[in-house]
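A structural walkthrough
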Amino acid sequence: MKTLIVIPALNPPLDLIQYIEKLRQSGLEDILIVDDGSRSECGYIFEQLRDKQGCQILTHAKNLGKGRALKNAFNYFLTMPNVEEYNGIVTADSDGQHRVEDVLSMVETISNYPDSLILGCRDFDSENVPPKSKFGNKLTKLVFKLLYGRKITDTQTGLRGFPKAILHEMLEISGERFEYETKMLIHTFDNSIPIKEIRIETIYFDGNAETHFNPIKDSLRIYKVIFASFFKYLLSSLSSFLVDIGLFQLFLWLSLSVGIHRGALLILLSTILARIISSYFNFTINKNFVFDGEKRIYKTIVKYYSLAAFQMLLSAAMVTVVWNMFSGSETAIKIVVDTILFLASYQVQRRWVFREKELPC
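1. Quick look at a nonpolar patch on the surface
Nonpolar side chains collect at one region of the surface, where Phe-135, Leu-139, Leu-142 and Leu-146 lie side by side and expose about 420 Å² of accessible area between them. Its place among the elements puts Leu-142 in helix H5 (residues 131–148). Judged by relative accessible area, Leu-142 falls into the partly exposed class, the value being 47%.

Have a look at this one:
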């Protein structure tokens, strides 16, 4: 089976011609270049790539962004009349920072992992990595781990492998610029698409001066994508938390006013009554506004309330244990306990309650 090599290019260096020649000499003759609105003076580079190197050229009349360039390439691939002869796509950057040997490794991996997104991952502990690249990638890696519970070695790699089986899904992901590659990772998490990482050599030229990545604008787009779901979850949880704490305090006051004594039973009853009301409020908001996942109401609500019941009992148990050990305000203790449980609940709701597909075994 053949593999299509896709290279998005914006004002590429002249070295791209030599790089393409090396790819072809290694046996990779099916190459698609996406000219993403390059300057007119770069036209001769694309002409040589087409006329002398036999590359297919897709041209954008204006710069539309890397995300759009990739999606147009995916669409081109899927509509090729001989697409059945191909096993997928490998994308590489136009600055020559991906070795030919690493591109070949990605091509081989597609055949061995036909249902996985394949990432060519750099080693950011290498001495030749520019400080801004090292810091940015390590920070994004940490945020992914905290918010999505997944460890990705290189979140911004441009060397990626896309088996034919997953390309239709890649076209459904929104995003036009660098944030598209981040949304792609989140989509694989949410839809149980396996990820295979391949170690590649870390190469930077002139401190990564050739990159078109804007450290401010593009970073804001990326982190907006990463935090979007969590911020909505945070607002949903905060509003539900206020409802829950308010009702918990109200039921405590009402119970004490009619002569019920303080203790474990009162904490448990107040927790249950408050959580019944606040959990339905939270479920409605999360299902409709926070998570774009499972839409079948009965299946979703069973999973949600299973989690809510467990979390409620765990909250009551932890508050009781802490109160018996230190005494003090039950409400203050509950605030601390529920803050910890809230972070754990985000992962469970995202990965189990509101997802469309089951996690793989």
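2. Focus: the packing of helix H9 (residues 264–290) against helix H11 (residues 330–353)
For any two helices packed against each other, one specifies the inter-axial angle together with the distance between the axes. Where H9 contacts H11, the axes come no closer than 14 Å and their chain directions differ by 35°. The crossing of H9 and H11 is right-handed. Across the interface between the two elements, Ile-267, Thr-271, Arg-275, Asn-282 and Asn-286 of H9 pack against Glu-330, Lys-334, Asp-338 and Gln-349 of H11. Residues belonging to the contact of H9 with H11 are distributed by class as follows: one nonpolar, four polar and four charged.

3. Describing the environment of Asn-112
Mapped onto the elements, Asn-112 comes out in helix H4 (residues 100–112). The sequence separation of Asn-112 and Pro-163 amounts to 51 residues, and the corresponding C-alpha distance is 9.8 Å.

4. Looking at the packing of aromatic side chains
This model, assessed by the stated rule, comprises eight aromatic pairs. For the ring pair Phe-74 and Phe-162, a centre distance of 4.9 Å and an interplane angle of 55° mean the geometry is tilted. Here Phe-74, found in helix H3 (residues 66–78), pairs with Phe-162, found in strand E6 (residues 160–163); they are 88 residues apart in sequence, far enough to count as distant. Neither residue differs from the other here; Phe-74 and Phe-162 are each classed as buried. Here Phe-283 and Tyr-305 contribute two aromatic rings whose centre-to-centre distance is 6.4 Å and whose plane-to-plane angle is 40°, an arrangement assigned as tilted. Highlighted residues: Phe-283 in helix H9 and Tyr-305 in helix H10 (residues 297–326), separated in sequence by 22 residues.

Conventions we followed
- Residues numbered from 1 in each chain as written.
- Predicted model: local features only at pLDDT ≥ 70, side-chain atom pairs only at ≥ 80, totals over all residues.
- Heavy atoms only, no water.
- Patch = residues over 30% accessible without salt bridge, like charges linked within 9 Å, V, L, I, M, F, W, Y side chains within 5 Å.
- Areas by Shrake-Rupley, 256 points an atom, 1.4 Å probe, with all protein chains shown as cover.
- Salt bridge = Lys/Arg side-chain N within 4 Å of Asp/Glu carboxyl O.
- Helix = DSSP H or I, 4+ residues; strand = E, 2+ residues; numbered from the N terminus.
- Buried < 20%, exposed > 50% of the residue type's maximum accessible area, 1.4 Å probe, protein only.
- Axes fitted to C-alpha atoms, helices over the stretch in contact; angles between N-to-C directions.
- Left-handed = near helix turned anticlockwise from the far one by under 90°.
- Contact = heavy atoms within 4.5 Å.
- Nonpolar A, V, L, I, M, F, W, Y, C, P; charged D, E, K, R; others polar.
- Phe/Tyr/Trp six-rings, centres within 6.5 Å; stacked < 30°, edge-to-face > 60°.

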